[in-house]
Amino acid sequence: MTFEELMEQQARELERQRALSRRIYCCTAAGCVSCGAEAVRKAVAAEIKSRELDGTMEVCGTGCMGLCSQGPLVRTSDDGALYGNVEAADAAALVSAAPADDPRLAQRRIDTSTPFFVKQKKIVLANSGVVDPERIADYIAAGGYQALAKAVAEMTPREVIAEVRASGLRGRGGAGYPTALKWELVAKQPGATKYVVCNADEGDPGAFMDRSVLEGDPHRVLEGMAIAGYAVGAQQGYVYVRGEYTLAIQRLQAAIRQAERERLLGSRIFEDTFQFRVDLRIGAGAFVCGEETALIASIEGRRGQPRQRPPYPPESGLWGKPTLINNVETFANIPPILVNGGEWFAGIGSAPSTGTKVFALAGKIVNTGLIEVPMGTSLREIVFDIGGGVPGGGEFKAAQTGGPSGGCIPAEFLDTPVDFESLARIGSIMGSGGLIVMDKTSSMVDVARYFMEFCMEESCGKCIPCRAGTAQMHDILTRILKREATRADLEMLERLCVLLGETSLCGLGQTAPNPVLSTLKYFRREYEELLPAEHSAAGGER
Amino acid sequence: MSVKTLVIDGKAVTGRAGETIFNVAWENGVRIPRLCHVGGLSDVGACRLCLVEIEGQRKLAAACLTPVEEGMVVHTSSERLKEHRRLILELLLAERNHVCAVCVMNGACELQDLAAELGVDHVRLRYRFPKLGVDTSHERFGQDQNRCILCTRCVRVCDEVEGAHTKDVFGRGSGSLIINDMGGPWGESDTCTSCGKCVQVCPTGALFSKGKSVAEMRKDRGFLKYIVTAREKREWIR
Ligand SMILES: Cc1cc2nc3c(=O)[nH]c(=O)nc-3n(C[C@H](O)[C@H](O)[C@H](O)COP(=O)(O)O)c2cc1C
Ligand code: SF4
Ligand code: SF4
Ligand code: SF4
Ligand code: FES
Ligand code: FES
């Protein structure tokens, strides 16, 4: 396809959509599906058919609309109204002349002028809940693949990297490594064979940011990967996606097929010599396979275990070739950066953390679901304004970010801006975007034990500190909770934190102590109170 | 071949480009502790006992996997490193069953030797004592998972030197096991050539020759160096 053809397709699809009197968007992402969204969509489709409204109205499934706690969600295009807790029985009203006047629906209408909506800024999720992820035409109508066209037709690879550098984009997979720097490292490597890998292993408990992006807007990720391929000189890309994400896998497969058919992936992209293929690689769902060297081993068909770095993947990755590995959300940011310019992106957020970040809100919070906010938004705004605070008037105690590699942030730091540096300063990390809220009823020792159990079970077993250390730490934490531990045990726990952090082979073991360290730092009393009195009083042995 | 000059524990030494800190240190009489490394096999950096401090680097580096660089200043036995090594050994001793008094390797076990050398006189951690299997199905050798420290020396020697790839790691975390072929009894393995290399490289009593009783088992570690050197020099007669 040429650039002109792309623009024609966009115009044609927009025209087609405008000719409809209404498009009824049903969220068919995992959260809503689990509470009956498929039935709603089918009922609406049946209603359109039985009233012979085909051609004037259509129903389409979309990615997550964000307010998962009120699913199934449905939006009508003509008036932009959003409804929650929709049932199949509402189908007739949804296709009626004025759905908003229906008494049942009126009750379920969601006010979109609340902070939950207005305090968010959607870049990565801009299309999520807006396009039908199974139709490439929807993505093209929303301006899709124009960034790739621009890159291939108007820019040199070096200019693409310069644009990404200007944006200040940093990796969303957890560590926040500058994306342009990584691209440059790969681009500068000699050799004709290079790879681009999208890390969609997302294994943190409670995290579903990447999954939502893949399910809700798969083409955006493919486009980001293709742009990366052009910039670094790779012809082959892989999406490494965990096997449990069946819907994401289906949507990606369909998206790749459609993009290949439209010649947006494959050979002679935009009539240029640039070619780029994308294939899926399905992971078996081990958390450690998200670590980049383990991921490489897994794609190569070996046991998914980390290895020593250096060499880093940009130098020696898949089959020893220079390999660019980025997270799903990182790639998803690329098309808007190229279309709007790096400077536009750099103006959002709080330098040196630019742009937005997607979070999955969970735990003791009213609005559980998926949100996207500018970097630097305060934790208070996220938890109280957007998240709606603790349900039932409960009292906020701590927020956990970064999953098993992160830490717990107590109430005194609610005004901390959420960006890479600020979170690290208070003993947590941004991580991939899980955010769990805890209230006064949560035991912080139990939270630490929970994450340690996760690390123990997910430890690959290669290196001793992590393999045997997480088991010992879990044992000590369990005994503390049972009031069977001594002060010596607590000291050993702290000693093990240092050992794992300094000697483990990969990030899993190195960061496994973080939940313990941060809860010890801010909630040490809870640990002390669980030590039998005679021990904590004198600090001696019996 | 280019030569690198560096300082290890205050001593000015030289090494060839690409040589590891570990090898250069040992050649110069600085014996960095190790369990997973064995000369002649690939290195995996699993035991973390060889970690050293390199001036100017925040992170500790595994000596067995880090090539020497010009001007490096390396410390191999600071108090911090010794503390870490002791605790790593304690973790190992507590992970499975290392009651030396009843082990065939008593007196010649690398784990035991290292513990003595580093002054691990008692274990401050809870012994976990999982009840794991002992496989005596092979006519000449036995395998006791309770004594295994998962160093994967056996896996590597079987694959890289014998070429049989009989052994592999199964499972993950502390529950990992060294299995034969697809996990069946060793004695029924189709691929094992009964060469005994795995038994010789195993640092503990996890792999042993049958018919040895407590403290009788001794291993010939020289053989590996011999084979590998012979291959390099193309001399095949011992
Ligand atoms: C134990 C472990 C698990 C990880 N899991 C993921 C993951 O699920 N997704 C991801 O993008 N990065 C994960 N990472 C980080 C990756 O190794 C890598 O840094 C990242 O994919 C780079 O992408 P970025 O630069 O776009 O952030 C993990 C790291 C560790 C140590
Ligand atoms: S730190 Fe844990 S997960 Fe990473 S290599 Fe070591 S044992 Fe495996
Ligand atoms: S005896 Fe030889 S072939 Fe058999 S498992 Fe051991 S190393 Fe492999
Ligand atoms: S059997 Fe011996 S050589 Fe093999 S992993 Fe266990 S301890 Fe190491
Ligand atoms: S899954 Fe429907 S709103 Fe999140
Ligand atoms: S000898 Fe280097 S990590 Fe084991």
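Enquirer: What am I meant to see in the overall build of chain B here?
Expert: In terms of helices and strands, chain B carries six helices and ten strands. What you see for chain B is a C-alpha radius of gyration of 19 Å, in line with the 18 Å of a compact globule of 238 residues. When its C-alpha atoms are laid out on the principal axes, chain B stretches across 55 × 50 × 30 Å. In chain B, which comprises 238 residues, the proportion classed as buried is 50%. In chain B, the share of contacts with a sequence separation of at least 24, taken over all contacts with a separation of at least 6, comes to 61%. When the accessible area of chain B is evaluated, it comes to approximately 11200 Å², of which 52% is carbon and sulfur surface. In chain B, which carries 34 positive and 30 negative side-chain charges, the distance between the mean positions of the two groups comes to 2 Å.

Enquirer: Would you take a moment to explain the pairing of strand β8 (residues 167-170) of chain B for this structure?
Expert: Successive side chains on a regular strand alternate, one facing one side of the sheet and the next facing the other. Residues and elements named next belong to chain B. Judged by which residues are buried, β8 turns out to be one-sided: Lys 167 and Val 169 face inward and are buried, whereas Asp 168 and Phe 170, on the alternate face, are not. With four bridges joining them, β8 and strand β9 (residues 177-180) adopt antiparallel strand pairing. Counterpart to Phe 170 in the pairing with β9 is Leu 177.

Enquirer: I keep staring at the interface of chain A and chain B and nothing clicks. Help me out?
Expert: Where interface size is quoted, it is often the accessible area lost as the parts come together. The interface of chain A with chain B comprises 29 residues on the first partner and 33 residues on the second. Between chain A and chain B the total buried area reaches about 2700 Å² when both faces are included, carbon and sulfur atoms providing 54% of it. It is Ile 464, Arg 467 and Gln 472 of chain A that lose the most area in chain A upon contact with chain B, and together they represent 23% of the buried surface on that side. Along the contact surface separating chain A from chain B lie four salt bridges. The partner of Arg 467 of chain A in a salt bridge is Glu 95 of chain B, and the shortest N-O contact between them spans 2.9 Å.

Enquirer: How should the sheet that holds strand β1 (residues 22-27) of chain A be read in this particular structure?
Expert: Two pairing modes exist for strands in a sheet, parallel and antiparallel, and in both the strands are linked by backbone hydrogen bonds. Residue and element names in this part refer to chain A. Read from one edge of the open sheet, four strands run β2-β1-β3-β4, paired in mixed fashion. Whereas interior strands pair on both sides, the edge strands pair on one side only; in this sheet they are β2 (57-62) and β4 (82-83). Alignment of strand β3 (residues 74-76) against β4, held across two bridges, turns out to be antiparallel. Along β4, the bridge assignment pairs Val 74 with Tyr 83. Together, β1, β2 and β3 form the strand contacts of helix α3 (residues 37-50), whose direction differs from that of β2 by roughly 165 degrees.

Enquirer: When you look at empty space enclosed by the protein in this model, what are you seeing that I'm missing?
Expert: The probe, sized like a water molecule, is rolled over the atoms to show the empty space still left. Residues and elements named next belong to chain B. Scanning the model with the defined rule gives six cavities of 30 Å³ or more in all. Considering only enclosed or pocket space, the largest cavity measures out at about 110 Å³ in volume. Around the largest cavity, the lining comprises 14 residues; the ones closest to its centre are Cys 148, Cys 154, Ile 178, Cys 202 and Ala 206. In the lining of the largest cavity, the residues fall into ten nonpolar, four polar and no charged.

Enquirer: I keep staring at the site of ligand 3 and nothing clicks. Help me out?
Expert: Taken together, 13 residues sit near ligand 3, with Cys 158, Cys 192, Cys 195, Gly 196 and Cys 198 of chain B positioned nearest. Of the residues in the shell around ligand 3, the class split is seven nonpolar, four polar and two charged.

Conventions and cut-offs
- Residues numbered from 1 in each chain as written.
- Chains lettered and ligands numbered in written order.
- Predicted model: local features only at pLDDT ≥ 70, side-chain atom pairs only at ≥ 80, totals over all residues.
- Heavy atoms only, no water.
- Helix = DSSP H or I, 4+ residues; strand = E, 2+ residues; numbered from the N terminus.
- Rg over C-alpha atoms; globule rule 2.2 N^0.38 Å.
- Buried < 20%, exposed > 50% of the residue type's maximum accessible area, 1.4 Å probe, protein only.
- Contact = heavy atoms within 4.5 Å.
- Areas by Shrake-Rupley, 256 points an atom, 1.4 Å probe, with all protein chains shown as cover.
- Lys, Arg positive; Asp, Glu negative; His and termini not counted.
- Charge placed at Lys NZ, Arg CZ, Asp CG, Glu CD.
- Pairing = 2+ DSSP bridges.
- Buried area = accessible area lost by both parts, 1.4 Å probe.
- Salt bridge = Lys/Arg side-chain N within 4 Å of Asp/Glu carboxyl O.
- Axes fitted to C-alpha atoms, helices over the stretch in contact; angles between N-to-C directions.
- 1 Å grid on protein atoms, 1.4 Å probe; cavity = no way out; pocket = protein on both sides within 12 Å on 5 of 7 lines; lining within 4 Å.
- Points joined across faces, edges and corners; volume = space filled by probe spheres on them.
- Nonpolar A, V, L, I, M, F, W, Y, C, P; charged D, E, K, R; others polar.
- Near = heavy atom within 4 Å.

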